[in-house]
Amino acid sequence: MTETPRVLPETPASTDLLSDLLGSMHLSGAVFLRTEFREPWSILTPDACLLAHMLRLRSERTIIPFHIIAQGGCRLEMEGHEPVWLDEGDAVLLPYGNAHVLSGRNRSDTVPVGTLVPPPPWEGIQVLRHGGEGATTQLVCGFLQCDELLFHPILRHLPGVIHVSPSTTPGGEWLAGTIRHTAHEACQARPGARCVMPLLTELLFVEILRTHMQSLSSDEVGWFAALNDPVVGGALKCLHAAPLAPWDVDGLARRVGVSRSVLAGRFRHFLGQPPMQYLTHWRLQLAAQNLKESMLPMKRIAEQAGYESEAAFSRSFRRHFGQPPAAWRKQQKSA
């Protein structure tokens, strides 16, 4: 990679792209379980689809589990990833909702968590006690839900496990405070907890994403690394601030103060695609959201996505989502 060029002042650097995206995703959070595990112990947490079924959640939304270590420590093991030891005060986020095993220092036979809890509906946060007679580990377990359509550009670039440890994170006081507050509210069940807990889990999610973004090294790739880059980050802010503007590579490159070739090269480095392809995909994501949430005529949605005709929009949508927009809308409505 060449040296990072200077970005012109006209780039909308004040645009908070992460806030804009998260705000459009209908983000919601909840804590559903706290545990008192005593050594030796080992449990299997199901993947997001099974978790949604177990908790009777809306399966068409993305489900992102998380765990907070309120006391003690435990090991997290997930296929395709190195085992992670989680200490008291740590939090772990699982963006793809993969099945995983949580265990103490001394493992017993692994038991599926679904066999240890009663079926919902539940009144308040369930308390799960399991294991032997040794040292106690307390976990606070919850999940975030958001619209997959708009989270997808971020989700596909996140690692399968995001482990944050405020004690080793520079400037981790805010994250540590959020984790402590969430754990305290979950364990104490104070008045107003049903109002406070969703807000705390959403705040925790944002703090974890911030910490992940700040921890990325200069040689990382993906959406968060791109947002950190002054060239690609500036271009992303432009595109997301005005997705229907008549952008081309030359105009976008001028806006961020680099040449066309530099912009294209850095986009491919971080996101694996050229700028205009990224914009096309984002416009289609927005169009799909419109199809799902509104009853706007197809012609109007096609125009809002930047297409001059319904036919062109339909061809592009089918290539991206696998079926024509009318059929896709019908499927979403029936779901």
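Residues numbered from 1 in each chain as written. Predicted model: local features only at pLDDT ≥ 70, side-chain atom pairs only at ≥ 80, totals over all residues. Heavy atoms only, no water.

1. Regarding the confidence of the model for the chain
The test is simple: The quantity called pLDDT is the predictor's confidence in a given residue, expressed from 0 to 100. Think of it this way: any DSSP run of H or I at least four residues long counts as a helix, any run of E at least two long counts as a strand, and we number them from the N terminus.
Residues with a pLDDT of 70 or more make up 93% of the chain, whose mean pLDDT is 87. Ranking the elements of the chain by mean pLDDT puts helix H3 (residues 148-155) last with 68 and strand E7 (residues 100-103) first with 98.

2. Thoughts on the pattern of salt bridges
Filter applied, for reference: By salt bridge we mean one thing: a side-chain nitrogen of Lys or Arg within 4 Å of a carboxyl oxygen of Asp or Glu. Summary of the burial criterion: residues with accessible area below 20% of their type's maximum are buried, those above 50% are exposed, and those between are partly exposed, where the area comes from a 1.4 Å probe applied to protein chains only.
By the definition in use, this model includes seven salt bridges. For the salt bridge of Glu36 with Arg34, the shortest nitrogen-to-oxygen distance reads 3.7 Å. With a relative accessible area of 16%, Arg34 lands in the buried category. One salt bridge connects Arg107 with Glu77, and the closest N-O pair in it is separated by 2.4 Å. A residue pair is termed long-range when its members are at least 10 positions apart, and Arg107 in the loop between E7 and strand E8 (111-112) and Glu77 in strand E4 (residues 73-77) qualify at 30 residues. Take Glu77: its relative accessible area is 24%, and that puts it in the partly exposed class. A single salt-bridge network, built from bridges that share partners, covers Arg34, Glu36 and Arg129.

3. With respect to the environment of Gln289
When you line up the elements, Gln289 lands in helix H10 (residues 275-293). Gln289 sits 142 residues away from Asp147 along the chain, and the two C-alpha atoms are 8.7 Å apart.

4. Describing unusual backbone geometry
In the segment running from Glu39 into Pro40, the intervening peptide bond is cis, with an omega of -10°. Along the chain, Pro40 falls in the loop between strand E1 (28-38) and strand E2 (42-45). Although it is not a glycine, Arg56 sits at a positive phi angle of roughly 60°. Overall, Arg56 belongs to the exposed group, its relative accessible area being 55%.

5. Points about the packing of aromatic side chains
The following threshold applies: Any two of the Phe, Tyr and Trp rings considered here, Trp counted by its six-membered ring, make a pair once their centres fall within 6.5 Å; the pair's planes then place it as stacked at under 30 degrees, edge-to-face at over 60, or tilted in between.
Applying the stated rule across the entire model yields 10 aromatic pairs. Aromatic side chains Phe32 and Trp122 sit 6.4 Å apart centroid to centroid with 25° between the ring planes, which places their arrangement in the stacked category. Remark: Trp122 occurs in the loop between E8 and strand E9 (126-131) and Phe32 occurs in strand E1; sequence separation between them is 90 residues. Here Phe32 and Trp122 have matching classes, each one buried. Put simply, the rings of Tyr307, Phe313, Phe317, Phe321 and Trp328 touch in pairs and so form one group of aromatic residues.

6. Regarding the nonpolar core
Put simply, the test is: In these notes, a set of buried Ala, Val, Leu, Ile, Met, Phe, Trp, Tyr and Cys residues joined through side-chain atoms within 4.5 Å is what counts as a nonpolar core.
Grouped together as the largest cluster of nonpolar side chains are 56 residues, with contacts concentrated most on Trp223, Phe224, Leu236, Leu263, Phe267 and Leu271. Looking at this core element by element, the count peaks at eight residues for helix H5 (residues 193-215). Of all hydrophobic cores here, the second largest spans 28 residues; its members include Phe32, Leu55, Leu94 and Leu128.

7. Remarks on the packing of H10 against helix H12 (residues 310-321)
So the rule is basically this: Only the stretch in contact is used when fitting a helix axis, every axis being a line fitted to C-alpha atoms; angles between N-to-C directions are given from 0 to 180 degrees. Angle categories are assigned with fixed cut-offs, so that under 35 degrees is roughly parallel, over 145 is roughly antiparallel, 65 to 115 is roughly perpendicular, and the rest are oblique. Here, residues are in contact when the closest pair of their heavy atoms is within 4.5 Å. Residues are grouped as follows: Ala, Val, Leu, Ile, Met, Phe, Trp, Tyr, Cys and Pro are nonpolar; Asp, Glu, Lys and Arg are charged; all remaining types, including Gly, are polar.
Viewed as axis vectors pointing N to C, H10 and H12 meet at an angle of 95°, and their least axial separation amounts to 11 Å. For the element pair H10 / H12, the angle class is roughly perpendicular. Note on element contacts: H12 touches H10 through Phe313, Ser316, Phe317, His320 and Phe321, opposite Thr280, His281, Leu284, Gln285, Ala287, Ala288 and Leu291. Split into classes, the residues belonging to the contact of H10 with H12 amount to seven nonpolar, five polar and no charged.

8. Side note on the sheet that holds strand E10 (residues 136-146)
For sheets, the rule is that strands pair by backbone hydrogen bonds, running either parallel or antiparallel. Applicable threshold: We call two strands paired when DSSP finds no fewer than two bridges between them.
Reading across from one edge, E9-E1-E10-E3-E6-E11 is the order of the six strands in this open sheet, with mixed pairing throughout. Of all strands in the sheet, those with a lone pairing partner are E9 and strand E11 (162-164), marking the two edges. Shown here is a sheet whose adjacent strand axes are inclined to one another by a mean of 20°, direction ignored. By the bridge criterion, three bridges tie strand E3 (residues 62-71) to strand E6 (residues 91-93) in an arrangement that is antiparallel. Residue pairing in the sheet places Phe66 in a bridge with Leu93 of E6. Taken strand by strand, H5 contacts E1, E3, E6, E10 and E11, and its axis lies near 90° from that of E1.

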